[in-house]
Amino acid sequence: MRRVATRLAIPLLSLAILLGVWWLVVELRVWSEVFVPSPASVWERLKEGESVHDGQVGLSGYYLHQHLWASLWRILRGVAFALVFGVALGLALATIKPFRLVVEPYVNFIRSLPPLAYFSLLIIWFGIEDTSKIWLLFLAAFPPIALSVLAGVEGIRRERVDAARALGASRWQVVRFVTLPSILPQLFTGTRLALGFAWTTIVAAETVDGIPGIGGLAWQTKKFQQTDVAVLCIIVIGLTAIALDQLVKQLEKRVLPWHGKA
Amino acid sequence: MSVSGDHTVVLRGVAHRYRGRDADVQALAPLELEIGAGEFVAVVGPSGCGKTTLLQLLAGFLTPTEGTVTVGGAPVTAPSPDRGVVFQQANLYPWMTVRGNVELGPRLRGVPRAERRRIAERYLELVGLSEFGGAATYELSGGMQQRCQIARVLANDPAIMLLDEPFGALDALTRDRLQDELHRIWRGSGKTAFFITHSVEEAVYLGTRVLVMSPRPGRIVLDEQVPFDAGARTAELRATPAFVAFRERIAATIGQG
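Residues numbered from 1 in each chain as written. Chains lettered and ligands numbered in written order. Predicted model: local features only at pLDDT ≥ 70, side-chain atom pairs only at ≥ 80, totals over all residues.

Among the nonpolar cores identified, the biggest contains 74 residues, and Leu58(B), Ala151(B), Phe194(B) and Phe195(B) are the most heavily contacted of them. Two domains each put at least three residues into this core: domain 1 (9–82 + 158–256) and domain 2 (92–157) of chain B. Ignoring any residue separated from it by four or fewer positions in sequence, one finds Leu58(B) in contact with Val9(B), Val69(B), Val76(B), Arg83(B), Leu162(B) and Phe194(B). Grouped together as the second largest cluster of nonpolar side chains are 48 residues, Leu147(A), Val231(A), Leu232(A) and Ile237(A) included. (Core = buried A, V, L, I, M, F, W, Y, C linked by C-beta atoms within 7 Å. Buried ≥ 20, exposed ≤ 12 C-beta atoms within 10 Å, placed from the backbone. Domains from an automatic or database assignment. Contact = placed C-beta atoms within 7 Å.)

Contact residues are listed per partner, giving 21 residues for chain B and 14 residues for chain A. Contributing elements (two or more residues each) for the side of chain B that touches chain A: strand S6 (83–86) and helix H2 (98–108) of chain B. Across the side of chain B that touches chain A, the residue classes tally to 13 nonpolar, six polar and two charged. (Helix = DSSP H or I, 4+ residues; strand = E, 2+ residues; numbered from the N terminus. Nonpolar A, V, L, I, M, F, W, Y, C, P; charged D, E, K, R; others polar.)

Moving on to the environment of Leu167(A). Take Leu167(A): it is sitting in the loop between helix H7 (158–166) and helix H8 (171–205). Using a count of 26 C-beta atoms within 10 Å as the deciding quantity, one classes Leu167(A) as buried. The residues touching Leu167(A), leaving out its near neighbours within four places in the chain, are Pro81(B), Leu104(B), Gly105(B), Leu108(B) and Asn156(B).

So, on to the sheet that holds strand S1 (residues 9–18) of chain B. Strand pairing in a sheet is mediated by backbone hydrogen bonds. Such pairs are either parallel or antiparallel. All names here are of chain B. Spatial ordering of the open sheet is given by S2-S1-S4-S5, a layout of four strands whose pairing is antiparallel. Whereas interior strands pair on both sides, the edge strands pair on one side only; in this sheet they are strand S2 (25–35) and strand S5 (74–75). The sheet contact formed by S1 and strand S4 (residues 66–71) spans five bridges and is antiparallel. Directly across from Arg12, in S4, lies its bridge partner Thr68. On the sheet, helix H1 (residues 51–59) packs against S1, S2 and S4 and is oriented at approximately 120° with respect to S1. (Pairing = 2+ DSSP bridges. Axes fitted to C-alpha atoms, helices over the stretch in contact; angles between N-to-C directions.)

What follows concerns the packing of H2(B) against helix H4 (residues 142–154) of chain B. All names here are of chain B. At their nearest, the axes of H2 and H4 sit 7 Å apart, and the two run at 30° to each other. Judged by the angle between their axes, H2 and H4 are roughly parallel. When you trace H2 past H4, the crossing you get is right-handed. Along its contact with H2, which presents Val98, Asn101, Val102, Leu104 and Gly105, the element H4 presents Cys148, Ala151 and Arg152. When grouped by side-chain class, the residues that make up the contact of H2 with H4 number five nonpolar, two polar and one charged. (Parallel < 35°, antiparallel > 145°, perpendicular 65-115°, else oblique. Left-handed = near helix turned anticlockwise from the far one by under 90°.)

Quick look at the structure:
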């Protein structure tokens, strides 16, 4: 019990100090409120975001949770497509040598591009609605998954495969009974990385026609210098991303009780 | 467990070379070998003598760069469930239970669930793991994992068992016990065993026939039947003059190699 208390106390204390410093900086008027909004006004925006005020719904016409859900739904679809494609691509890269020689450089090429670089193309090809956004998130999310799967397959000890072959496993049965289960830990890592990349791409994805969307909302604040809304969006995005990551981590513990033990 | 058909293993002019970074490495010199069905052939030699290469050729994991390997007249080109392989590491699949691992061979062949369950229980009992069928593999001790691996191989009822230093990583007490168990299982099964070890004592204790291999490139420098019967193995056997004398001779041969 005491240990749990200590483990909770330290982050809570650091959070309190951070809020204290923030409040102090605003009170002392170190910078203008346009640059650094006060904690109180961020809190006000949060309350506005979840209520009807002056005849207006939430922020920019949607409740805050609607913005968040719109973004989350885009990310989940983008990452879901990335999972299907990334696993298949990773397996193909790992097992077909000529394919790898040809394709791996392109995967690395796409991986190194900033998403905004090709966003215009996607908008021209797929329009300004959700399709182009999901494409963008997909393109940001699939390389870490494919490369994790590739690393996972390469890390399988040869004897593990040989043991199955000597038991009579066909090529396909080796994939089904040995390869796929063996790479699950790397697949989870790849998925967490992909979700991270998707979150860091969400603002870019929602720069065009991004309302509702938490990234779109954040992007819009520059027009009216709504720094308090920007800070609110930053906090919401950060906390949601961490929560989602923890969710995947807990799922991993559930699905892979054997990981690290054998 | 029963064995039918011809399972004589024949190696004709078999040599193997690995492609190295600078030069090729000759792991096995050309060698001739014939193993009759039901023999327990124990192979000893220093590390790097090519004994594992030899086993991998028999298993079908490797194809010899020269010569041919045949079993019952048919060339070995790929692994087969008829030639079970027991590795030094148990290589159990941690995402399956102990029973799931033992069932795997029959499952791959499409044996119905109830039937393969029955098979698994039989072999788990044979190796003394009946109570652990539902356990996770990583909860087992090293010796129990090795028993599980042996049960997994036996569940396929292979005519030939290829064992690559299966007890090499175990403590001495566990090793002695598993040696006796393996010998009990092999006796009367009619199966051929090809057993690699770096322990002269173990080779002489288990084999009906002992092969000694020389350092690279590996060749067979001694090939003899053990001078005692294939009956039950007991601790007393290790102390008999016949056993000690034979063991000393094998050890001396390796020393000269």
